[in-house]
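Structural overview
These are the residues of each chain, in order.
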Amino acid sequence: MQNNPNTTLVTATAPIATATHGGRAKCLQRLARLDLPVPPTVALSFDAVQSIASGHLPDIDAILRQFPQDALLCVRPSSEDPDWGGPSAILNIGMNDSRHGVLCDTLGRDPASALFTRFVQSFAIHVDRLDPDMFDDITGEGAEALQQALAAYERETETAFPTTRAEQLASVLKSMARAWDGTSARLLRQAKGAPADAGLGLVIQQMAFGIGQGESGSGVLQLVSSKTGKPQITGRYLRQSQGRDALFGDASLYITRDDRGPSLEELVPDCFAQLVDHARLMRAKLREEMQVEFTIENGQLHILDGVRVARSSRATVRIAVQLARDDVIPRQEALMRVEPRTLNELLHRQVDRHAKRDVLGSGIAASPGAATGRLVFTAEDAQASASRGEDCILVRRETSPEDIRGMHAAKAVITERGGITSHAAVIGRGLGLPCVVGISNIRFQTRKSQLSTQDGRVLSAGDIVTVDGTNGTILLGAPAMLEPALDDAFQDLMDWADAERDIGIRANADTPADAQTARNFAAQGIGLCRTEHMFFEAGRLTVMREMIFAETSDDRRAVLERLLPMQRTDFVQLFNIMQGQPVCIRLFDPPLHEFLPVDRAGQGELAAALDLPLSDVTRRIESMMEYNPMLGLRGVRLGVTVPEIYEMQARAIFQAAVFASKGGAPVVPEIMIPLVSAKREVELVRSRVDAIAAAVTAETGVDFTYRLGVMVETPRAALRAGDIAEHASFLSFGTNDLTQMTYGLSRDDAGRFMSDYVRQEVFVEDPFHTLDIDGVGELLQLGSARGRSARPDITLSICGEHGGNPESIAFCRSAGFDYVSCSPFRVPVARLAAAQLAIADKIE
Ligand code: PEP
Ligand code: MG
């Protein structure tokens, strides 16, 4: 039998592999190699099980000859990946009248009958697939219950309960093989990532009894906490039990000494010590934290199985890191064992997985993490709430730059409209603020300060809700939370990732706070500073509005003179925080009217502040309105037509660079021009910026260098990147606008129908979330190749929201980009994803 790979006794040398016999069979072979007390086991390969499903049983007698004649058996599934599931285990195969008779003598009549009854029931339900209700009428106990169960079986199947071990085993094997082929099992495992043709292996093992005279029982033990991953021997043991009953029984014992009750350690210290030794050996040799399934039979320890310890995200990190620290696995392997996105759960507070969730509605998960607070419906109320020290959740139809201060004050933001790159989403990610946008199944009645759910509940200002930005749900009340875990294990993992990766990671950071977060997460500079956000700070908005209302260029320059020192302070702070790392500052991008008040009251206030008639103000505002502002007078188009703004910004950047360089390494600022579509735009801006640089050098007597680059975010800029590169020392792809313009799809409105589009498979994913490799990706490829061939030393990067996605990083890396830039809180995910790509290449 050892030589037949399809039905093989599990020995140290048997031809068993995970890919042919499944993970459980392979694990049992490893345990056998470690000389652990594993009961005799036969493994059936995927092929063998496939043959059984199509009606060809293996030689059952040959299998049975591997076990003592009167031994009871169990059969358990062995799929390639344990997460893919499989049919339930069947224990005590071989139970019949004569075996029952023997057990009555050794165990006593009642326990023996209870075992047999349980076997009849599990055989009926799992093997014959009968309705569990058929046993509802069993009223007796012990032998009487057994007779009732057997009678019920006969009634239902019109046959006697199978009596021989061979018959029972054959039926179990057939039923398990067919169950794996069933549609629901197939769909279930495919949902977990199994390929369509995933195989099932089976293991047939001699029962170690767990029930009997002397100390008998079963349980599980592991060396670490599943929640934290820290060393902690945990598990349960249930006397006189089999399988995984210990996990559910109220009478289960603790594993180690415990004030709350008796423990295995006190009851059978020898077995406990052996178990811990075995678990340590398994950890070292199987190179993984394993949960040991064991049985004690008359004081004798048996190891039935080892399964990977179930683990939370934070435990995943700690376990992998500790295995590498202990030299059990190399660091590279530890890095590969952590799915980058799981880091999100360490970086933010999360709703505890085990907490009860009362879901009010859902939308697009735009910024991860969870927060609880009282509902507020305006930015002002959010600020008032924060000043009272009360946590609040800001509710808006959509946010605009005017809501920034409210967003800072809130613990989370939810919006009715918007998608993954809408204002709320971008700002939320920057601030590390949980955010759900595009919530279509809650009615937003913001004027009434109310939210109505689909099941008829109405929530008002002041009601407490929790926003789960990790999965995009809004929950009623305050479920239990898990705190972030930026512990030593996380830090080590990040350091190891940096040692491996070969693409730079910068952060998109607009404020000193963002820059500090970027620095804390070891970003290698700022890849995008959206300067317009600085104008929404208290005290600046009015000056900004004055500037917009200026009638002449000189008037505009005069107002900009007042904004200049404010901008300069911003930049000095950024340069100081980033300590010599590159800081890429994007010149002003949005349409000017985004800064103007939309409602009557705001316009009245502005008229008073500017000392103008209200009618003048409303007329000017109306005249600036555009039908399609995202395609209108913004970005470099403002730079060309209203040059004073860029001139002021360039001056502020250069003065700040001179100031921040004093006494330290020289700061080399990077200036980026947004929304370019033609080479001439760059020429015009470049000559003006060069002139300002020369002026600042003359004024300060300090010579400095700077780099001027272009943001490639219109399809034309990508196509003409060769031309444009002539005047640009770097090209940074703004994939938010590039996606919007490539698809002709508004990034602010797409959220309304995106889920329909994804459901109907028009788009595989939201293209604002996952880079569209086929379309937008082709533009990236064209643009980067043309840019680089025109100017081989050009720096290439991406700074749209896609920059933090592992798939986009893979794409950018293979296209030869120098760095990706993403929201500060996504930097760790990007660092790990980039390391994994580099390691995967090295392994190949
Ligand atoms: C972009 O368009 O990709 C980008 C980064 O800029 P913004 O999101 O500010 O338009
Ligand atoms: Mg843009």
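About the criteria used
- Residues numbered from 1 in each chain as written.
- Chains lettered and ligands numbered in written order.
- Predicted model: local features only at pLDDT ≥ 70, side-chain atom pairs only at ≥ 80, totals over all residues.
- Heavy atoms only, no water.
- Axes fitted to C-alpha atoms, helices over the stretch in contact; angles between N-to-C directions.
- Helix = DSSP H or I, 4+ residues; strand = E, 2+ residues; numbered from the N terminus.
- Parallel < 35°, antiparallel > 145°, perpendicular 65-115°, else oblique.
- Contact = heavy atoms within 4.5 Å.
- Nonpolar A, V, L, I, M, F, W, Y, C, P; charged D, E, K, R; others polar.
- Donors = N, O, S within 2.8 Å, 3.2 Å for Na, K, Ca; no water.
- Buried < 20%, exposed > 50% of the residue type's maximum accessible area, 1.4 Å probe, protein only.
- Near = heavy atom within 4 Å.
- Polar contact = N/O pair within 3.5 Å; in protein donor to acceptor, adjacent residues only side chain to side chain.
- Areas by Shrake-Rupley, 256 points an atom, 1.4 Å probe, with all protein chains shown as cover.
- Arc of directions from axis to C-beta.
- Salt bridge = Lys/Arg side-chain N within 4 Å of Asp/Glu carboxyl O.
- Core = buried A, V, L, I, M, F, W, Y, C linked by side-chain atoms within 4.5 Å.
- Patch = residues over 30% accessible without salt bridge, like charges linked within 9 Å, V, L, I, M, F, W, Y side chains within 5 Å.
- Lys, Arg positive; Asp, Glu negative; His and termini not counted.
- Charge placed at Lys NZ, Arg CZ, Asp CG, Glu CD.
- Pairing = 2+ DSSP bridges.
- Domains from an automatic or database assignment.
- Left-handed = near helix turned anticlockwise from the far one by under 90°.

Comments concerning the packing of helix α20 (residues 541–549) against helix α22 (residues 600–610)
Running from N to C, α20 and α22 cross one another at 75°; their axes reach a closest spacing of 11 Å. Comparing their axes, α22 and α20 come out roughly perpendicular. Together, T542, R545, E546 and F549 of α20 and L606, A609 and L610 of α22 make up the contact between the two elements. Its residues assigned to classes, the contact of α20 with α22 shows 4 nonpolar, 1 polar and 2 charged.

So, the coordination of the magnesium ion (ligand 2)
Ligation of the magnesium ion (ligand 2) by protein atoms is provided by E713 (OE) and D737 (OD), these donors lying 2.1 Å from the ion. A residue pair is termed long-range when its members are at least 10 positions apart, and E713 in the loop between β28 (707–712) and α27 (715–719) and D737 in helix α29 (residues 735–743) qualify at 24 residues. You'll find E713 and D737 in the same group, each marked buried.

Concerning the site of ligand 1
Around ligand 1, a shell composed of 13 residues is seen, among which R530, E713, G734, N736 and R747 lie nearest. Within the side chain of E713, an N or O atom sits 2.9 Å from an oxygen atom of ligand 1. A distance of 3.2 Å is found between an oxygen atom of ligand 1 and a backbone nitrogen or oxygen belonging to G734. In the complex, 95% of the free accessible area of ligand 1, which totals 290 Å², lies under the protein chains. Only β25 (526–530) and α29 provide two or more residues apiece to the shell around ligand 1. Ranked by residue count, the leading element in the shell around ligand 1 is α29, at 3 residues. Class assignment of the residues belonging to the shell around ligand 1 gives a composition of 3 nonpolar, 4 polar and 6 charged.

Regarding helix α5 (residues 97–107)
Along α5, the residues that are buried comprise R99, H100, L103, C104 and L107. Viewed along the axis of α5, the buried residues span an arc of 145°, placing them on a single side of the element. Opposite its buried face, α5 presents the exposed residues S98 and D105, each directed more than 90 degrees away. On its buried face, α5 is in contact with α6 (109–127) and α7 (142–157).

Some remarks on the pattern of salt bridges
Enumeration over the complete set of coordinates arrives at 55 salt bridges. One salt bridge connects R457 with D358, and the closest N-O pair in it is separated by 2.9 Å. On the criterion of sequence distance, the pair formed by R457 in the loop between β19 (450–453) and β20 (458–460) and D358 in the loop between β11 (350–351) and β12 (359–362) is long-range, its members being 99 residues apart. Residue class for D358 comes out partly exposed when judged on its relative accessible area of 28%. For D756, the salt bridge identified is with R759, shortest N-O distance 2.3 Å. One end of the pair, D756, and the other, R759, are both in helix α30 (residues 751–759), 3 residues apart, so they sit about a helical turn from each other. Residue R759 is classed as exposed on the basis of its relative accessible area of 59%. Overlapping salt bridges bring together R287, E288, R308, R311, E333 and R337 as one network.

Examining the environment of I52
If you trace the backbone, I52 turns up in helix α3 (residues 46–53). Take I52: its relative accessible area is 0%, and that puts it in the buried class. With 118 residues separating them in the primary sequence, I52 and A170 have C-alpha atoms 9.3 Å apart. When residues no more than four places from it in sequence are discounted, the contact partners of I52 are L44, L57, P58, L173, K174 and A177.

Focus: the nonpolar core
Core analysis: the largest hydrophobic core is formed by 125 residues, its most contacted members being F575 and F654. Per-element accounting of this core gives the leading share, 11 residues, to helix α25 (residues 644–661). Residues within four places of F654 in sequence aside, it is in contact with P669, I671, V689, I692, A693, V696, F704 and Y706.

As for a negative patch on the surface
A surface patch of like charges, here negative, comprises D131, D133, D136, D137 and E156. Looking at D133, the relative accessible area reads 49%, which means it is partly exposed.

Details of unusual backbone geometry
With a phi angle near 55°, R129 is a residue other than glycine that sits in the positive phi range. Turning to its location among the elements, R129 is positioned in the loop between α6 and α7. Of note in the backbone geometry, D327 takes a positive phi value of approximately 60° without being a glycine. Mapping D327 onto the fold places it in the loop between α12 (313–325) and α13 (331–336).

A closer look at the sheet that holds strand β26 (residues 583–586)
Read once around its circumference, the closed barrel built from 8 strands follows the order β24-β25-β26-β27-β28-β29-β30-β31, with strand pairing classed as parallel. For this sheet, the mean angle separating the axes of adjacent strands, direction not counted, is 25°. Direction of pairing for β28 relative to strand β29 (residues 730–733): parallel, over a ladder of 4 bridges. Its bridge partner lying in β29, V712 is registered against F733.

Digging into the domain arrangement of the protein chain
Looking at the assigned domains, one finds that the protein chain contains domain 1 (7–206), domain 2 (217–311), domain 3 (349–482) and domain 4 (501–591 + 626–843). Between domain 1 and domain 3, the C-alpha centre-to-centre distance is 50 Å.

What about the packing of α6 against helix α8 (residues 165–181)?
In the contact formed by α6 and α8, the axes pass within 10 Å of each other and the chain directions differ by 35°. Viewed along their axes, α6 and α8 form a crossing whose handedness is left-handed. Across from F119, F123, H126 and V127 in α6, the residues of α8 making contact are Q168, S171, V172 and S175. Of the residues contributing to the contact of α6 with α8, the split by class is 4 nonpolar, 4 polar and no charged.

Some words on the sheet that holds strand β1 (residues 7–9)
Overall, antiparallel pairing links the 5 strands, which are arranged β1-β2-β5-β3-β4 in an open sheet. The open sheet has two edge strands with one neighbour each: β1 and β4 (90–93). For this sheet, the mean angle separating the axes of adjacent strands, direction not counted, is 25°. Pairing of β1 with strand β2 (residues 41–44), which is carried by 3 bridges, proceeds in the antiparallel orientation. From the neighbouring strand, L9 faces β2, where its bridge partner is V42. Across the sheet, α3 is in contact with β2, β3 (73–79) and β5 (200–206); its angle to β5 comes to roughly 95°.

A short note on the environment of V572
Examined against the element boundaries, V572 turns out to sit in helix α21 (residues 553–578). With 106 residues separating them in the primary sequence, V572 and T466 have C-alpha atoms 38 Å apart. Apart from the residues lying within four places of it in its own chain, the contact partners of V572 are A656 and F659.

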